[in-house]
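Residues per chain are reported as follows:
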Amino acid sequence: MLRAAPLLIFSALSLSCDRLSALDAEQGDPLSKRNRTQLFVGERVPNVPEATVVGAADAPVSRDSSGFKMLIDCEDCPIVFKDEERNRSDRFMTPRLRRSLVQLSKLVSQTWPKVDLRVTEAWDDRREHGAGSVHYEGRAADITTSDQDPAKLGTLAALAVKAGFDWVFYENATHVHVSVKR
Ligand SMILES: [Zn+2]
């Protein structure tokens, strides 16, 4: 037993190195990113700060601001909405975000026939996110699958890259964050 231990440690180390070199090889190669079937927790595609891709969130939208007219209600979307706030704000979003969410919902049902895409948060009109969050402009969504199976999130994140979101972040073990340009 004792003699086997160093071997076990060695194989664990070489596994993580393999994973790192695989990640390195993909840096700056959007094509191979699109062909990935899984993302890792904490991984971003593309691997740069969100604001450099989708633009700073400097125009928070409230129900009485002119920006609200630019948001559309994802009323007929084939998506499960958590609607935690009970005010339907999760259903409001920019047309560009809606387009990618609808595309992703198709990929989700092709991948898992009995599962739907679930949105836990999209537009946030209560400022529950951090300063400068893209959620305040209806350009970001937090997503899971309808069965809330955390084991599916790595695949869901890879599907989100294929669905065309401008920035995908496998934020933590409970959800994936996606966002789009204006
Ligand atoms: Zn988010």
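Residues numbered from 1 in each chain as written. Predicted model: local features only at pLDDT ≥ 70, side-chain atom pairs only at ≥ 80, totals over all residues. Heavy atoms only, no water.

Turning our attention to the overall build of the protein chain. For the protein chain, the count of helices and strands is 5 helices and 8 strands. Reading the protein chain from its N terminus to its C terminus gives the helix and strand order α-α-β-α-β-β-β-α-β-β-α-β-β. Burial analysis of the protein chain (182 residues in total) assigns 44% to the buried set. By sequence separation, contacts in the protein chain at least 24 residues apart represent 63% of the contacts at least 6 residues apart. For the protein chain, the accessible area works out to roughly 10000 Å², and carbon and sulfur atoms hold 57% of it. (Helix = DSSP H or I, 4+ residues; strand = E, 2+ residues; numbered from the N terminus. Buried < 20%, exposed > 50% of the residue type's maximum accessible area, 1.4 Å probe, protein only. Contact = heavy atoms within 4.5 Å. Areas by Shrake-Rupley, 256 points an atom, 1.4 Å probe, with all protein chains shown as cover.)

Bringing the environment of Lys82 into the picture now. By secondary structure assignment, the location of Lys82 is in the loop between β3 (79–81) and β4 (92–93). We classify Lys82 as partly exposed; its relative accessible area is 34%. Counting along the chain gives 39 residues from Lys82 to Glu121, while the straight-line C-alpha distance between them is 7.4 Å. The contact partners of Lys82, leaving out residues within four places of it in the chain, are Asp90, Arg118, Val119 and Thr120.

A word on the pattern of salt bridges. It is possible for side chains of opposite charge to pair when their charged atoms get near one another. As enumerated under the stated definition, the model contains 9 salt bridges in all. For Arg98, the salt bridge goes to Asp76, with nearest N and O atoms at 2.9 Å. Residue Arg98 is found in helix α4 (residues 95–111), and its partner Asp76 is found in the loop between β2 (72–73) and β3; the two are separated by 22 residues along the sequence. Owing to a relative accessible area of 23%, Arg98 belongs among the partly exposed residues under this scheme. (Salt bridge = Lys/Arg side-chain N within 4 Å of Asp/Glu carboxyl O.)

All right, on to the coordination of the zinc ion then. Protein coordination at the zinc ion comes from His135 (NE2), Asp142 (OD) and His177 (ND1), with a distance range of 2.0 to 2.1 Å. Taken in chain order, the donor set of the zinc ion reads H-x6-D-x34-H. Here His135 is found in the loop between β5 (117–121) and β6 (140–145), whereas its partner His177 is found in strand β8 (residues 175–179), with 42 residues between them in sequence. Overall, His135 belongs to the buried group, its relative accessible area being 1%. (Donors = N, O, S within 2.8 Å, 3.2 Å for Na, K, Ca; no water.)

β5 sits mainly inside the fold: 5 of its 5 residues count as buried. Pairing analysis gives 3 bridges linking β3 to β5, with the strands arranged parallel. Counterpart to Val80 in the pairing with β5 is Arg118. Pairing between β5 and β6: 4 bridges, direction antiparallel. Across the sheet, residue Leu117 finds its bridge partner in β6, namely Thr145. (Pairing = 2+ DSSP bridges.)

Reading across the sheet, the 6 strands line up as β1-β7-β8-β6-β5-β3 and stay open at both edges, with mixed pairing between neighbours. Since the sheet does not close on itself, it has two edges, and those belong to β1 (44–45) and β3, each with one partner. Taken together, the 2 bridges between β1 and strand β7 (residues 167–172) define a ladder with antiparallel strand orientation. Directly across from Val45, in β7, lies its bridge partner Val168. Lying on the sheet, helix α5 (residues 153–163) is in contact with β1, β5, β6, β7 and β8; it crosses β7 at an angle near 165 degrees. (Axes fitted to C-alpha atoms, helices over the stretch in contact; angles between N-to-C directions.)

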